[in-house]
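Here is how the chains run, residue by residue.
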Amino acid sequence: MGGIDHDMLARIMRAEDALARLDERIAACPFADGFRARQHFHEAAASLWLEGELVHEEELVLHDARMDIRPPSHELTRAHEVLRTRRRIASAPAGWAASREGVNHLARREEASGVTMEAATAISGQDALARELADMDALLERTEQVLQGEVPPGGRLRKSSPDPALHDPQWGEGERIARWLEVVEQAAHEAGALVLAAALVWDIWEVETPLQNQHWLGLQLAASYLRRANKARAHLPALALGLKTISRERRRSSDRDVRLSALIEGVELYAERGMKELQRLTLAHARIMRKLEGRRTSSSLPALVDLVMARPVVSAALIAGELKITQRAALNLVGELELREVTGRGRFRAWGVL
C-alpha cells in the first residue's frame, strides 16, 4: 500500500477514536458481560449476511440454547459456528487467536506432528486457559456428533476423512496460513495505525483465502488483532456489523485501498452503532432495575434481567430453562418487567428489552 492520503488518515483517526470511546463505555457498563454476549449474536448473524445468507437472531438464540422450534438450517448451523468461535476468541488470552496455534485450533486443523488441534495438547502446555477452552471445544464437538448420530454415546469421536468435493487436497492451508501470519507480524511491527493494521490483517485473509470453508473467520481474527493491540481491551469488536453497511462494490473492490477504506469506515460505523445500542440498553436497564426496588432477594427477576440483557430475545421456554422455573412463572415474570414482544407470532412468542 502506498502513502496514506489525508482522507484515509482522517478516516483512520475517526475510527480509532470511536472504537476507543466504545471500549471505555463497555468497560464501565454495569451489564458489560450481557452487552458482550449480545454482540456475539449480532455479529454471527451479520457474518452470514455478508455471505448472502439470512439468519434470524431469535432462531440463533434458541439454537444456542438447544431449543429449536424447527430442524436447524445449514445457515443457522454456520451462524452458530461463528457464535462459538467468537466466544472462544473472547475467552482466550488476547494474542491467542492470531497465533499459529490459535488459527490452527479455530480452523480445526492438525499440525504436521499429527497432534489433533481439537485436543488440549495442541495448544501450548503453559497456557492453562487455552487448554481448558480446547477441552471444552472437544466436548462440544463430540456432543454435536452424538446428537447428529455420528457417534454413539460413550463411543470414540469419529475422525472422518475430508470430502474431496468440499476440500481440495492441493489447497495448501498450512502454507496459506503461514503467509497470513507473516502479514500479521509485519502489521504489528510496521503499521502505526492499529485500525489500518487490522484492515490489512482482514484483507490478506480475503485475498489469500487460507481456509476453504471458514471464510468468515478473517473478520474475527481482525477483531482479535485489535484486542491484542489493546485497542479494544473490554470487548471483541463486531466488525461484520459495521462492514455490512458498506456496499458490496467497495467491500469486494479489486482496488486494495478501496477495500481497506471500506473496513476502516466499517469500524467507525460499528463503534457508532455500538454506542447507540449501549445507550438504548442503559436506559432500558435503568428502567427495569427500578422495577426491582423492594423485591425480596429470592425473586427470580434479577436473574431474568441478566438474561434479557445478554440475549437479543428470550422465549418462555428459554427463561424457564435458564431460571429453573415453569413456563407459566416465566410468563408472569415477563409481565412484571413489561418486556416488549418482538416476534408477533402466535405459535412462537419472544421478548426483548425496549
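Residues numbered from 1 in each chain as written. Predicted model: local features only at pLDDT ≥ 70, side-chain atom pairs only at ≥ 80, totals over all residues. Heavy atoms only, no water.

Participant: Sorry if this is basic, but what is going on with the environment of Ser-300 here?
Facilitator: The residue Ser-300 is located in the loop between helix H12 (256-290) and helix H13 (301-310) in this model. What makes Ser-300 partly exposed here is its relative accessible area of 25%. Taking the C-alpha atoms as reference points, Ser-300 and Leu-323, 23 residues apart in sequence, are found 7.2 Å from one another. Here Ser-300 is in contact with Leu-323, Ile-325 and Leu-333, once residues within four sequence places are set aside. (Helix = DSSP H or I, 4+ residues; strand = E, 2+ residues; numbered from the N terminus. Buried < 20%, exposed > 50% of the residue type's maximum accessible area, 1.4 Å probe, protein only. Contact = heavy atoms within 4.5 Å.)

Participant: Help me out: how do you make sense of the sheet that holds strand E3 (residues 350-352) in this one?
Facilitator: The pairing of strands in a sheet comes from backbone hydrogen bonds and takes either a parallel or an antiparallel form. One open sheet holds the three strands; their spatial order is E1-E3-E2, and the pairing between them is antiparallel. Each edge of the sheet is formed by a strand with only one pairing partner; in this case those strands are strand E1 (314-315) and strand E2 (340-341). Pairing analysis gives two bridges linking E1 to E3, with the strands arranged antiparallel. In the strand pairing of E3, Ser-315 is matched with Ala-350. (Pairing = 2+ DSSP bridges.)

Participant: Explain the packing of aromatic side chains to me, please; I cannot follow it from the model alone.
Facilitator: The relation between two aromatic rings is expressed through the spacing of the ring centres and the mutual angle of the planes. Enumeration according to the criterion identifies one aromatic pair in this entry. Centroid distance Trp-180 to Trp-205: 5.2 Å. Interplanar angle 85 degrees. Geometry classified as edge-to-face. One end of the pair, Trp-180, is in helix H7 (residues 173-190); the other, Trp-205, is in helix H8 (residues 194-208), and 25 residues separate them in sequence. Judged by relative accessible area, which is 0%, Trp-180 ranks as buried. Taking the ring centre of Trp-49 as reference, the NZ or CZ of Lys-244 above it sits at 5.0 Å. (Phe/Tyr/Trp six-rings, centres within 6.5 Å; stacked < 30°, edge-to-face > 60°. Lys NZ or Arg CZ within 6 Å of the ring centre and 35° of its normal.)

Participant: Help me out: how do you make sense of the packing of helix H2 (residues 32-50) against H12 in this one?
Facilitator: Relative orientation of the contacting elements H2 and H12 amounts to 130 degrees, with a least axis distance of 12 Å. By the angle between their directions, the pair H2 and H12 is classed as oblique. The chirality of how H2 crosses H12 is right-handed. Taken together, the residues of H12 that come into contact with H2 (itself represented by Phe-35, Arg-38, Gln-39 and His-42) are Tyr-270, Gly-274, Glu-277, Leu-278, Arg-280 and Leu-281. For the contact of H2 with H12, the residue count by class is four nonpolar, three polar and three charged. (Axes fitted to C-alpha atoms, helices over the stretch in contact; angles between N-to-C directions. Parallel < 35°, antiparallel > 145°, perpendicular 65-115°, else oblique. Left-handed = near helix turned anticlockwise from the far one by under 90°. Nonpolar A, V, L, I, M, F, W, Y, C, P; charged D, E, K, R; others polar.)

Participant: Quick question: what am I supposed to make of the pattern of salt bridges here?
Facilitator: Think of it this way: side chains of opposite charge can pair up when their charged atoms draw near. All told, the structure shown has 14 salt bridges when counted by the stated rule. A salt bridge links Lys-231 to Glu-16; the shortest N-O distance between them is 3.6 Å. Remark: Glu-16 occurs in helix H1 (residues 6-28) and Lys-231 occurs in the loop between helix H9 (217-228) and helix H10 (239-243); sequence separation between them is 215 residues. Its relative accessible area of 19% is what places Lys-231 among the buried residues. (Salt bridge = Lys/Arg side-chain N within 4 Å of Asp/Glu carboxyl O.)

Participant: Would you explain unusual backbone geometry in this entry?
Facilitator: Residues apart from glycine generally show negative phi values, whereas peptide bonds are mostly found in trans. One non-glycine residue, Arg-66, lies in the positive phi region at around 55 degrees. Here Arg-66 is to be found in the loop between helix H3 (57-64) and helix H4 (74-91). The backbone phi angle of Glu-338 is positive, close to 55 degrees, even though this residue is not glycine. Topologically, Glu-338 is positioned in the loop between helix H15 (327-337) and E2.

Participant: Is there a simple way to explain the nonpolar core in this structure?
Facilitator: A general trend in soluble globular proteins is that nonpolar side chains are found buried together. By size, the foremost hydrophobic cluster in this structure holds 98 residues, and its most contacted members are Trp-180 and Leu-304. Per-element tally for this core: the top contributor is H12, with twelve residues. Every residue in contact with Trp-180, bar those within four places of it in the chain, is listed here: Ala-98, Val-103, Val-201, Ile-204, Trp-205, Pro-210 and Leu-221. (Core = buried A, V, L, I, M, F, W, Y, C linked by side-chain atoms within 4.5 Å.)

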